[in-house]
Amino acid sequence: MVLLGVLGSLLQMLFLRSCVGQFPRPCANTEALRTKQCCPVWEGDGSACGATSGRGFCQDVTVSEEPHGPQYPHTGIDDRERWPLAFYNRTCQCAGNYGGFDCGECRFGYFGPGCAEQRESVRRNFLSLSVAEQQRFIAYLNLAKNTVTADYVIVTGTRAEMGTNGENPMFSDVSVYDLFVWMHYYVSRDTLLGGPGNVWPDIDFAHESAAFLPWHRVYLLHWEHEIRKMTGDFNFTIPYWDWRDATDCTVCTDNLMGGRSPLNPNLISPGSVFSSWKVICTQPEEYNSRAALCPGTGEGPLLRNPGNHDPNRVRHLPTSADVDFVVGIETYETGAMDRQANMSFRNSLEGFASPETGMAITGQSTMHNALHVFMNGTMSSVQGSANDPIFLLHHTFIDSIYEQWLRRHTPPRSRYPTANAPIGHNDGYYMVPFLPLYRNGDYFLGNKVLGYEYSYLLDPGTRFVQEFLTPYMQEAQLIWQWLLGAGLIGAILAGIVMTTGALFVRRRSIWVC
C-alpha cells in the first residue's frame, strides 16, 4: 500500500506545473531583457500580473538606497547589486494575499481560490515520521531531481555577456531540485571582476550577515511550495533533523538519506537512491578560472563522509546547551554585522562564534557551520552544499532555532539592520536571486504568520499528537490494510482449496460407485 501511494503521487507529479524558482520562462528572452520588464500574463484572465482581476499590477521596481558596509568596495560590477535592476526594472507587484511572478499564486501562509484561507501546517521531526512518510519524502526528492521545472530557468552568463539589448540570452533548463541548488550557488558565488581568476571572494548575499536567517526561511518556503505544486500534495512540509547532542549522522542510513558506501567511504551506499545523484555547481575555482558562471550540468556523484572531518575545526556537533545559550543572546546583530560580530545571535547560530561565550572565533566552525563541516563532502562547500538533501533537514532545524529566538525576544522590525550591513543584507534589500521579490526585513517575523509551525515547539498535548500518535496511527492503518489484504487473499485461497477438495471428494465417490 505504501508503494502504491508513492506511485500514485509520482504519476500526479508528471502532469502538474511547477511555479517557484529564479528566472521565469516568460522573462527569459531578448524582449524582456531589452525592455527590462518581467510582468508575465496570468493565464487566469489573460492580463499582465492578473491586473484585470485585481491580483496585481506591472510596476517599477524601487530598490533601497541605504549604504552597505565596507566589505564590498565595488560598484556596478556584479549583476546582484541592487537586485534585480541589472535584469529587470519592472515586475509584478501583487495585491493582498496574492503572490508569484505573475500574481497567479498565493503568498506564503495562504491558499484557496481567492487566497483568503490561512494555512496551518506543521514541520515534523524526520526521525519521528512514519515509514510511509519517510519514503514519500525521499520519493519526492528523487522526482524533483529528475523533473525539469516547467516555469523557470537558470542564467548561465552575466547580463553583459547577453548583449546591450539582450540579443544573446543565456538561460538553461534545470530540474526542480537543481534549481534550488543553483540558487544557493548564485547567491553565494564570488564576484567576477573581469578576466580569468580575477574575482572578489568576500561577498555573499545570504551568509555571514543579517540576511542569513530570513533568506533561508524564504528559500525553504519556496522549496516546500514547489514540492506541493509538483506533487499535488498540499499537506507536504519539509521535515527537520534535530541533531542536538548527536554523535553521528543518525539520518545517514540506506532507508533514509543514504548510508556510507562499503566500496568508498566518500560515496553514498548503492542501496540508497541518492547514490545515483549527480551534483552541480561544485567547482567554483574552475568557473572563476574561466570567468564564467556555473552551467548547471552534472559534475560527479554526491560526496559525504560524515564524522571524518578535521576535529580541530569541529570538536563536536551542537549540544542542547549550545542551542539554549545561543537562543538566549538578545541582540540580533552587532558591530560590523559580519563573521567578526560578538554577542550576535545571528553570528552565533550561523557558526562563526562560540556557543559558550558568544564571542567570534577563527579556525573553528560551530552550530550551523559545524553540521556542514561534519558531513565532510559536498555539503561542506557553501556554493554547492544544497546538492546534499540533508541540507534541507539541517536548515529546517536551523530555521526552528531562529523561530525560538523570535518567540523569546519578540524583536520589533527596527532591530533588523537598515543600513551598513554587508551588501545584500540591509532590511530593504531584495533577496537575491528571487523573482518574485522579497525584502529581507519582511521575514524578520514569526513563522505562524507564514503558515507553518514546528512540532517540537507546540504545546505538549498537540506535540504528542503530531510526533507520536499520528505516525503510530498511520503505521497501524498500514498494518491493518496489510492484514485485511492478507485476510482477503487467505479467504480466497481457502475457498479455492475447499472447492478443490469438495470436487476431489465428489470425483472419488463417483469412482467408488
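Scroll up a little and you will see the structure.
Every chain begins its residue count from 1, and numbering advances along the sequence as written. Local features are withheld for residues below a pLDDT of 70 in this predicted model, meaning they are given only at 70 or higher, and side-chain atom pairs are given and counted only at 80 or more; totals for whole chains, interfaces and linings count all residues. To get the side-chain values, all heavy atoms of the structure are used, and hydrogens and water are removed first.

Visitor: I'm lost on the overall build of the protein chain in this one. Help?
Guide: A run of DSSP states H or I qualifies as a helix once it reaches four residues; a run of E qualifies as a strand once it reaches two. Both are numbered from the N-terminal end. For the protein chain, the count of helices and strands is 11 helices and 16 strands. When checking whether two residues touch, look at their non-hydrogen atoms; a contact exists if any pair is within 4.5 Å. Relative to all contacts within the protein chain whose residues are 6 or more apart in sequence, the contacts with residues 24 or more apart total 70%. Per-residue and other accessible areas were derived by the Shrake-Rupley procedure at a 1.4 Å probe size, with only the shown protein chains allowed to occlude residues. As displayed, the protein chain has an accessible area near 21800 Å², and 57% of this comes from carbon and sulfur atoms.

Visitor: Please clarify how the sheet that holds strand S6 (residues 90–94) should be interpreted in this entry.
Guide: Sheet strands line up and pair through hydrogen bonds in the backbone, either parallel or antiparallel. Two strands qualify as a pair provided DSSP detects at least 2 bridges between them. Read across the sheet, three strands follow the order S2-S6-S5 without closing on themselves; strand pairing throughout is mixed. Every interior strand has two partners, whereas the edge strands, strand S2 (37–38) and strand S5 (56–60), have only one.

Visitor: Just checking my understanding: could you explain the layout of surface pockets for this structure?
Guide: Rolled over the atoms, a probe sized like a water molecule indicates the empty space that remains. Approximately 1000 Å³ is the volume attributed to the largest pocket. Using a 1 Å grid laid over the protein atoms alone, points where a 1.4 Å probe fits but cannot get out form a cavity; open sets with protein on both sides within 12 Å along at least 5 of 7 lines form a pocket; any residue with an atom within 4 Å of a point counts as lining. Taken together, 44 residues form the lining of the largest pocket, with Tyr 98, Gly 99, Cys 106, Arg 107 and Phe 108 sitting closest to its centre. Where the lining of the largest pocket is concerned, the elements lending two or more residues are S6, strand S7 (98–99), strand S8 (105–106), strand S9 (110–111) and helix H5 (212–231). Residue contributions to the lining of the largest pocket peak at six residues, all from H5. When residues are grouped by polarity, Ala, Val, Leu, Ile, Met, Phe, Trp, Tyr, Cys and Pro land in nonpolar, Asp, Glu, Lys and Arg in charged, and all others, Gly among them, in polar. A class-by-class count of the residues in the lining of the largest pocket yields 23 nonpolar, 12 polar and nine charged. Grid points are joined across faces, edges and corners, and a volume is the space filled by probe spheres set on the points.

Visitor: For this particular structure, what's the right way to read unusual backbone geometry?
Guide: Most peptide bonds adopt trans geometry, and most residues besides glycine take a negative phi value. Cis geometry marks the peptide bond from Val 432 to Pro 433, where omega comes out at -5°. Within the secondary structure, Pro 433 is located in the loop between helix H10 (390–409) and strand S16 (452–454). Here the residue pair Leu 435 and Pro 436 is connected by a cis peptide bond, since its omega of 10° sits within 30 degrees of zero. Within the element layout of this structure, Pro 436 appears in the loop between H10 and S16. Positioned with a positive phi, Glu 208 is a non-glycine residue whose angle comes to about 65°. Within the fold, Glu 208 resides in the loop between strand S15 (199–200) and H5. Per-residue accessibility, obtained with a 1.4 Å probe over protein chains only, is compared with the maximum for each type, and a residue is labelled buried under 20%, exposed over 50%, and partly exposed between these values. A relative accessible area of 22% means that Glu 208 is categorised as partly exposed. Positive phi, normally seen in glycine, also occurs at Ala 291, with a value near 50°. Structurally, the position occupied by Ala 291 is in the loop between helix H6 (284–289) and helix H7 (320–328).

Visitor: What should I look at first to understand empty space enclosed by the protein in this one?
Guide: Per the stated rule, a full pass over the model turns up three cavities of 30 Å³ or more. Reported here for the largest cavity is a volume of approximately 50 Å³. Around the largest cavity, the lining residues are Cys 38, Thr 91, Cys 92, Gly 100, Phe 101, Leu 435, Pro 436 and Leu 437. Considered class by class, the residues forming the lining of the largest cavity number six nonpolar, two polar and no charged.

Visitor: Is there a simple way to think about the packing of aromatic side chains in this case?
Guide: Two measures describe an aromatic ring pair: the distance that separates the ring centres and the angle between the ring planes. Aromatic contacts are taken between Phe, Tyr and Trp rings whose centres are within 6.5 Å, Trp giving its six-membered ring; a plane angle under 30 degrees counts as stacked, one over 60 as edge-to-face, and the others as tilted. A full pass over the atoms with the stated rule returns 39 aromatic pairs. Over the ring of Trp 42 we find Arg 55; its NZ or CZ atom is 4.3 Å from the centre of that ring. Seen from the ring of Tyr 186, Arg 80 lies directly overhead, with NZ or CZ sitting 6.0 Å from the centre. Here, a charge over a ring means that NZ of Lys or CZ of Arg falls within 6 Å of the ring centre while also lying within 35 degrees of the ring normal.

Visitor: Whenever I open this one, the sheet that holds strand S13 (residues 171–172) confuses me. Can you help?
Guide: Reading across the sheet, the three strands line up as S1-S12-S13 and stay open at both edges, with antiparallel pairing between neighbours. Either end of the sheet is taken by a strand with one partner, and the two such strands are strand S1 (23–24) and S13. Relative to S13, strand S12 (residues 152–155) is paired through two bridges, and the arrangement is antiparallel. Across the sheet, Val 155 pairs through a bridge with Phe 171, a residue of S13.

Visitor: What am I meant to see in the environment of Phe 126 here?
Guide: Considering the arrangement of structural elements, one finds Phe 126 in the loop between strand S11 (121–123) and helix H3 (131–145). Taking C-alpha positions, Phe 126 is 9.1 Å from Leu 256, a pair spaced 130 residues apart along the chain. Every residue in contact with Phe 126, bar those within four places of it in the chain, is listed here: Gln 134, Phe 137, Pro 239, Tyr 240, Val 251, Leu 256, Met 257 and Leu 393.

Visitor: Help me understand the packing of H5 against H10 in this model?
Guide: Axis definition: a line fitted to C-alpha atoms, over the contacting stretch in the case of helices. Angles run 0 to 180 degrees between N-to-C directions. Orientation of H5 relative to H10, taken along the N-to-C sense of each, is 125°, at an axis distance of 10 Å. As summarised for this structure, H5 and H10 are arranged oblique, according to the angle between their axes. When you trace H5 past H10, the crossing you get is left-handed. Across from Phe 212, Leu 213, Pro 214, His 216, Arg 217, Tyr 219, Leu 220 and Trp 223 in H5, the residues of H10 making contact are Phe 391, Leu 392, His 395, Thr 396, Ile 398, Asp 399, Tyr 402, Glu 403 and Leu 406. Here the residues of the contact of H5 with H10 sort into 11 nonpolar, three polar and three charged. Here the word oblique covers every angle except those under 35 degrees (roughly parallel), over 145 (roughly antiparallel) and from 65 to 115 (roughly perpendicular). A clockwise turn of the near helix away from the far one marks a right-handed crossing, whereas an anticlockwise turn of less than a right angle marks a left-handed crossing.

Visitor: Would you mind going over the environment of Arg 339 with me for this structure?
Guide: Here Arg 339 is to be found in the loop between H7 and helix H8 (345–350). Arg 339 gets classed as partly exposed once you look at its relative accessible area, which sits at 36%. For the pair Arg 339 and Gly 351, spaced 12 residues apart in the sequence, the C-alpha separation amounts to 8.7 Å. In protein, a polar contact requires one atom able to donate a hydrogen and another able to accept it; more generally it is a pair of N or O atoms within 3.5 Å, and residues adjacent in sequence count only if both atoms are side-chain atoms. Side-chain polar atoms of Arg 339 contact the side chain of Glu 208, separated by 2.8 Å.

Visitor: Honestly, H7 in this entry has me stumped. Any pointers?
Guide: Structural remark: α-helix, 3.6 residues per turn; residues separated by three or four positions point the same way. Among the residues making up H7, those that are buried are Asp 322, Val 323, Val 326 and Val 327. Within H7, the buried residues cover an arc of 125° as seen down the axis, which keeps them to one side. Close packing links the buried residues of H7 with H8, helix H9 (367–375) and H10. Directions drawn from the helix axis to the C-beta atoms are what define this arc.

Visitor: Hey, could you run me through the state of the cysteines in this one?
Guide: Two cysteines joined by a covalent bond between their sulfur atoms form a disulfide. Defined by distance alone, a disulfide is two cysteine sulfur atoms within 2.5 Å. Tallied over the entire structure, the rule returns seven disulfides. Here Cys 39 is linked by a disulfide to Cys 58, with a sulfur-sulfur distance of 2.0 Å. Judged by the torsion about the S-S bond (75°), the Cys 39/Cys 58 disulfide is right-handed. Of this pair, Cys 39 sits in the loop between S2 and strand S3 (41–42) while Cys 58 sits in strand S5, and the two are 19 residues apart along the sequence. Across a sulfur-sulfur distance of 2.2 Å, Cys 94 and Cys 103 are joined as a disulfide pair. An S-S torsion of about -95° defines the bridge between Cys 94 and Cys 103 as left-handed. In this structure Cys 94 comes out as partly exposed when scored by relative accessible area, which is 28%.

These results come straight from atomic positions and should not be treated as a statement about function.
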